[in-house]
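Structure at a glance
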Amino acid sequence: MPKTQVSMKVNGKPVEALVEPRRLLIHFLREDLSLTGAHIGCETTHCGTCTVDLDGKSVKSCTVFAVQAEGADIRTIEGMAAADGTLHALQEGFREMHGLQCGFCTPGMILRAYRLLQENKSPTEEEIRFGISGNLCRCTGYQNIVKAIQFAAAKLNGVPFQEAAE
Amino acid sequence: MSQVAPGGPPAGVPGRMPVIPGSFAYHRPKSVTEAVALLADLGEDARPLAGGHSLIPMMKLRLATPEHLVDLAGIRDLKGIRADGGDVVIGAMTTQHEIGASELLAAKIPLLGEASLVIADPQVRYVGTLGGNVANGDPGNDMPAIMLCLGATYHVVGKAGERRIPAREFYRGAYVTALKPGEVLTAVRIPGPPAGHGSAYEKLKRKIGDYATAAAAVLLTMSGGRVATCSIGLTNVAETPLWAEAAAKILNGSSLDPATVKRAVAAAEAITSPASDARGPAHYRTKMAGVMLARALARARQRAA
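Fair warning: this is a prediction, and the values are worked out from it, not measured in the lab. (Residues numbered from 1 in each chain as written. Chains lettered and ligands numbered in written order. Predicted model: local features only at pLDDT ≥ 70, side-chain atom pairs only at ≥ 80, totals over all residues.)

On to the overall build of chain A. Along the backbone of chain A there are five helices and five strands. Seen in sequence order, chain A has helices and strands lined up from the N terminus as β-β-α-β-β-β-α-α-α-α. Relative to the 2.2 N^0.38 estimate, which gives 15 Å for 166 residues, the radius of gyration of chain A is 16 Å and therefore close to what a compact globule would have. In chain A, which comprises 166 residues, the share counted as buried stands at 49%. In chain A, the share of contacts with a sequence separation of at least 24, taken over all contacts with a separation of at least 6, comes to 58%. (Helix = DSSP H or I, 4+ residues; strand = E, 2+ residues; numbered from the N terminus. Rg over C-alpha atoms; globule rule 2.2 N^0.38 Å. Buried ≥ 20, exposed ≤ 12 C-beta atoms within 10 Å, placed from the backbone. Contact = placed C-beta atoms within 7 Å.)

Written as structure tokens, this is what we have:
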């Protein structure tokens, strides 16, 4: 099959490449761009560990062809920290609140939480749980992931984080 | 939303599902006319691509092996939600997320936003489209039964021009619809329900992202404490979505008293023919369709003026 020219922005940098139309976005990111932060989990649109931000939407990059991302603005976990290495509030939240154990789901969780907080600056616990319902974690039981997102929301809103009583 | 193929791994690949789609050529037309011409020229080996969240998983499993994909994403006319007289017209490429966020729909047809939120998960809703959901013919999809309930009409464009197909005549079997090869569903037209109507969508599912074990959509109006009009759609309890006309007729004129609701539920259960699968045996899924209907009726009644 003839390859197709694609151009998009990934973590603020313009990217151009020739890709086979059947190349999935997750493979394009990981193998062609060496951005291995987004993980491959179930490959069947369930687990969410391949989640990236694409034109203001959280998408499962295992279920998007790279050619569909023509002209898109994409953000992956590699684009979350500042250039000087300062962590994004979400990354800090996951570290401070122990929001990860094995860490496999974390890039997808953080990218999904990033979009959630863009759309809802002060989500309730229930809204957070519903918002990350397309991301599976098999270690934490989600408690500390929710806290991590609450921590980040508080930090981004400039208010002190108060852990809810258990 | 993807599902693991019921048949297990294909021969020659022990224990492993292929997850890389077959090769295809990619086309990105700018207009419906261009898309329809492409589909006509390319023939049976071409498929339109909307959000792709049913088609791409099918392609990974090699249950679909199109040689050409005609991506509808670049066609601006297929986007958006607008009022047109008493109707609401939703472009086929409008996503479930956009349906859930629409103020126009929240005001005029709240059933749609409510239903969109029980479809798949947040990521899938950002990409999955209304057009794909209703045109695919998958009995597990939620929007088709809702369209039967609402009396929607589908706008379909082929090389010969546009035709309009009532949703209630669209579904012929699992993945079999009234769409002819080369035709593209471009919009869904929904008559605005009367002010003061009540509606509800009740979906039983095992987890977020699952298809319905059974689900029921209800739209009704009340007058003097009695049902003036009623329409019912059922999801995933037959090879097609079901419009439960007889059940709705039983309810007309009633006060939704328990005895009448029981008769209507029985009439709705009688038209189901679900498969036994991981969601439960057929008789259980039929009973759950009845339970969902009773709950949806109660909630729609509460919401009706």
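Right, let's get into the nonpolar core. Taken as a class, soluble globular proteins show a tendency for nonpolar side chains to be buried jointly. Residue and element names in this part refer to chain B. In terms of nonpolar packing, the biggest core is built from 143 residues, with Ile146, Val218 and Ile232 touching the most fellow members. For this core, the leading source of residues is helix α11 (residues 282-303), giving eight residues. Excluding residues that lie within four positions of it along the chain, Ile146 makes contacts with Leu111, Leu112, Ala115, Tyr201, Ala217 and Gly233. (Core = buried A, V, L, I, M, F, W, Y, C linked by C-beta atoms within 7 Å.)

Before going further, it helps to examine α11(B). All names here are of chain B. For α11, with 22 residues, the first-to-last C-alpha span of 31 Å sits near the 32 Å given by 1.5 Å per residue. The set of residues buried in α11 consists of Arg285, Thr286, Met288, Ala289, Gly290, Met292, Leu293, Ala294, Ala296, Leu297 and Ala300. Packed against the buried residues of α11 are β11 (198-204), β12 (214-223), β13 (226-235) and α10 (258-270). (Expected span 1.5 Å × (residues − 1).)

Moving on to the sheet that holds strand β1 (residues 25-27) of chain B. Residues and elements named next belong to chain B. Strand order in the open sheet formed by three strands is β1-β3-β2, and the pairing between neighbours is parallel. The open sheet has two edge strands, β1 and β2 (46-49), and neither has a second partner. Neighbour to neighbour, the strand axes of the sheet diverge by 25° on average, direction disregarded. By the bridge criterion, three bridges tie β1 to strand β3 (residues 68-71) in an arrangement that is parallel. Counterpart to Tyr26 in the pairing with β3 is Leu69. Packed onto the sheet, helix α1 (residues 32-42) meets β1, β2 and β3 and runs at close to 155° relative to β2. (Pairing = 2+ DSSP bridges. Axes fitted to C-alpha atoms, helices over the stretch in contact; angles between N-to-C directions.)

Attention now moves to the domain arrangement of chain A. All names here are of chain A. By domain assignment, chain A separates into domain 1 (4-77) and domain 2 (89-157). A separation of 21 Å is found between the C-alpha centroids of domain 1 and domain 2. Across the contact, 13 residues belong to domain 1 and twelve residues belong to domain 2. Take the side of domain 1 that touches domain 2: its biggest share by element is three residues, from strand β3 (residues 51-54). Per-class residue counts for the side of domain 1 that touches domain 2 are five nonpolar, seven polar and one charged. (Domains from an automatic or database assignment. Nonpolar A, V, L, I, M, F, W, Y, C, P; charged D, E, K, R; others polar.)

Across the contact, 21 residues belong to chain A and 26 residues belong to chain B. Ranked by residue count, the leading element in the side of chain A that touches chain B is strand β4 (residues 57-60) of chain A, at four residues. For the side of chain A that touches chain B, the per-class residue count stands at five nonpolar, twelve polar and four charged.

In this section: the sheet that holds β11(B). All names here are of chain B. Spatially, β11-β12-β13-β14 is the arrangement adopted by the four strands of the open sheet, whose pairing is antiparallel. Here the strands that pair on one side only, and so sit at the sheet edges, are β11 and β14 (242-243). Each of β11, β12, β13 and β14 touches helix α8 (residues 143-150); the most contacted strand, β13, lies at about 155° to it. Seen against the sheet, α11 touches β11, β12 and β13 and runs at an angle of roughly 150° to β11.

Time to look at unusual backbone geometry. Residues and elements named next belong to chain A. Located in the positive-phi region is Ser34, a residue other than glycine, with phi close to 55°. Mapped onto the secondary structure, Ser34 falls in the loop between α1 (25-32) and β3. Residue class for Ser34 comes out exposed when judged on the 8 C-beta atoms lying within 10 Å of it. In the Ramachandran plot, Asp55 falls in the positive-phi region, its phi being about 50° despite a non-glycine side chain. Take Asp55: it is sitting in the loop between β3 and β4.

All names here are of chain B. Looking at the assigned domains, one finds that chain B contains domain 1 (76-191) and domain 2 (201-303). A separation of 21 Å is found between the C-alpha centroids of domain 1 and domain 2. Counting residues at the interface gives 21 residues for domain 1 and 22 residues for domain 2. Those elements that provide at least two residues to the side of domain 1 that touches domain 2 are α5 (110-116), α8 and β8 (171-173).

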